[in-house]
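Read off the chains here:
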Amino acid sequence: MEKVIDIEERIPTLRERRRKRTNRKFLALLFIFLIILAVLIYSQTNYSKIQSITVDGENLYAEAEYVKASQLAIGDSMWSFNTEEIEEAVTKLDWVQEASADKNWLTGVEITVDEYPAIGYLEKETGYQKLLSNGYAVELPVDKVDGPVFTNFENPETRGELSAQLEQLDPEVSNMLSQLILTEGETASANVTLYMTDGNEIRAKLNTLAEKLDYYPSLIAQLEDGQKGVFDMEVGITFRSFDDLYGPPKEVVEDEETEQP
């Protein structure tokens with residue numbers, strides 16, 4: 001025969017369950033309240049604000065240029081920006097190829113930049129400027145030139161074509177460039193004259209420069225020892241020695257009779 005549980009006996013159990021549910025709800029609400037309070041207190045302290053902004057990878061310009069582009073400032077809220085916005089803003093700089101931004105601990109921001117590499121130096125009336133692989137001329141003068149010099153490349157579009165051609169060159173050839181002069185025209189098919197470190201001269205079209213210069217190592221290997229001259233690569237490829245073009249250098253013999261006693 002089943003035992004009948006009187007309602008009087010169940011009341012304590014129901015009360016205990018109700019009390020436990022009430023305690024759990026209270027603890028949950030208390031936890032949420034403490035979290036909100038902590039966030040409010042944190043937002044009013046210096047620990048919620050930017051206290052340091054560092055830049056890594058900068059070489060062409062000072063750190064301040066990148067911080068300015070990021071539009072961040074010491075004292076700004078750490079939660080008033082997202083890193084993707086900073087990366088996009090810094091990458092808009094003409095000389096920056098790629099950028100990344102990270103929130104460093106609670107109060108720091110670290111920006112890392114990858115600048116376009118230099119391919120040579122643009123000759124200006126006032127001096128030289130570094131020319132980057134994307135055709136951008138760094139707006140700062142340089143004191144020392146340790147690479148090829150590019151002359152008459154004032155047009156940005158022409159510089160862009162120059163950069164595209166040089167990017168395709170084999171390092172063996174690009175390391176032999178001494179000076180490249182734009183001699184005629186401002187378009188991709190402009191005429192250019194190159195002076196090489198081995199003493200030879202090259203005349204070519206800008207838009208076929210990389211294609212023609214690929215043959216240069218094999219061409220100079222066919223020259224006689226000590227022979228130097230001009231390679232014309234504007235249409236086909238021809239060679240004329242400096243002796244043929246200008247004649248052999250004349251030996252100057254000092255007239256003994258003109259010597260003073």
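Going by the structure above, here's the rest.
In this text, all values refer to a predicted model and were calculated from it rather than measured experimentally.

> Please give an account of the packing of aromatic side chains that cites residues and values.
On inspection of all chains with the given rule, the structure shows 7 aromatic pairs. One cation-aromatic arrangement involves K103 over F81; the distance from NZ or CZ to the ring centre is 4.8 Å.

> Which residues make up a positive patch on the surface, and what values go with them?
A cluster of basic side chains, namely R17, R18, K20, R21, R24 and K25, defines a positive patch on the protein surface. Looking at where K25 falls in the secondary structure, it is placed in helix α1 (residues 7-43). Residue classification places K25 among the exposed positions, given a relative accessible area of 61%.

> I'd like a description of the pattern of salt bridges, backed by residues and values.
Going through the model one piece at a time under the given rule, you end up with 2 salt bridges. Put simply, E154 and K124 hold a salt bridge, and the shortest N to O gap is 3.1 Å. Within this pair, whereas E154 is found in the loop between β7 (149-151) and α4 (156-167), its partner K124 is found in strand β4 (residues 118-124), the two being separated by 30 residues in sequence. Looking at E154, the relative accessible area reads 43%, which means it is partly exposed. Exposure remark for K124: the relative accessible area of 30% places this residue in the partly exposed category.

> Account for the pairing of strand β6 (residues 137-141), naming residues and giving values.
Summarising the sheet, strand β5 (residues 127-132) and β6 pair through 2 bridges and their orientation is antiparallel. Bridge pairing links Q129 to P141 in β6.

> Before we move on, could you go through the environment of Y128 and cite the residues and values that matter?
With respect to the helices and strands, Y128 occurs in strand β5. The partly exposed category is assigned to Y128, whose relative accessible area is 27%. Remark: the alpha-carbon pair of Y128 and V145, spanning 17 residues in sequence, is separated by 7.8 Å. With residues near it in sequence (within four places) discarded, Y128 still touches Y121, L122, E123, L140, P141, V142, V145 and V149.

Rules used throughout
Residues numbered from 1 in each chain as written. Predicted model: local features only at pLDDT ≥ 70, side-chain atom pairs only at ≥ 80, totals over all residues. Heavy atoms only, no water. Phe/Tyr/Trp six-rings, centres within 6.5 Å; stacked < 30°, edge-to-face > 60°. Lys NZ or Arg CZ within 6 Å of the ring centre and 35° of its normal. Patch = residues over 30% accessible without salt bridge, like charges linked within 9 Å, V, L, I, M, F, W, Y side chains within 5 Å. Areas by Shrake-Rupley, 256 points an atom, 1.4 Å probe, with all protein chains shown as cover. Salt bridge = Lys/Arg side-chain N within 4 Å of Asp/Glu carboxyl O. Lys, Arg positive; Asp, Glu negative; His and termini not counted. Charge placed at Lys NZ, Arg CZ, Asp CG, Glu CD. Helix = DSSP H or I, 4+ residues; strand = E, 2+ residues; numbered from the N terminus. Buried < 20%, exposed > 50% of the residue type's maximum accessible area, 1.4 Å probe, protein only. Pairing = 2+ DSSP bridges. Contact = heavy atoms within 4.5 Å.

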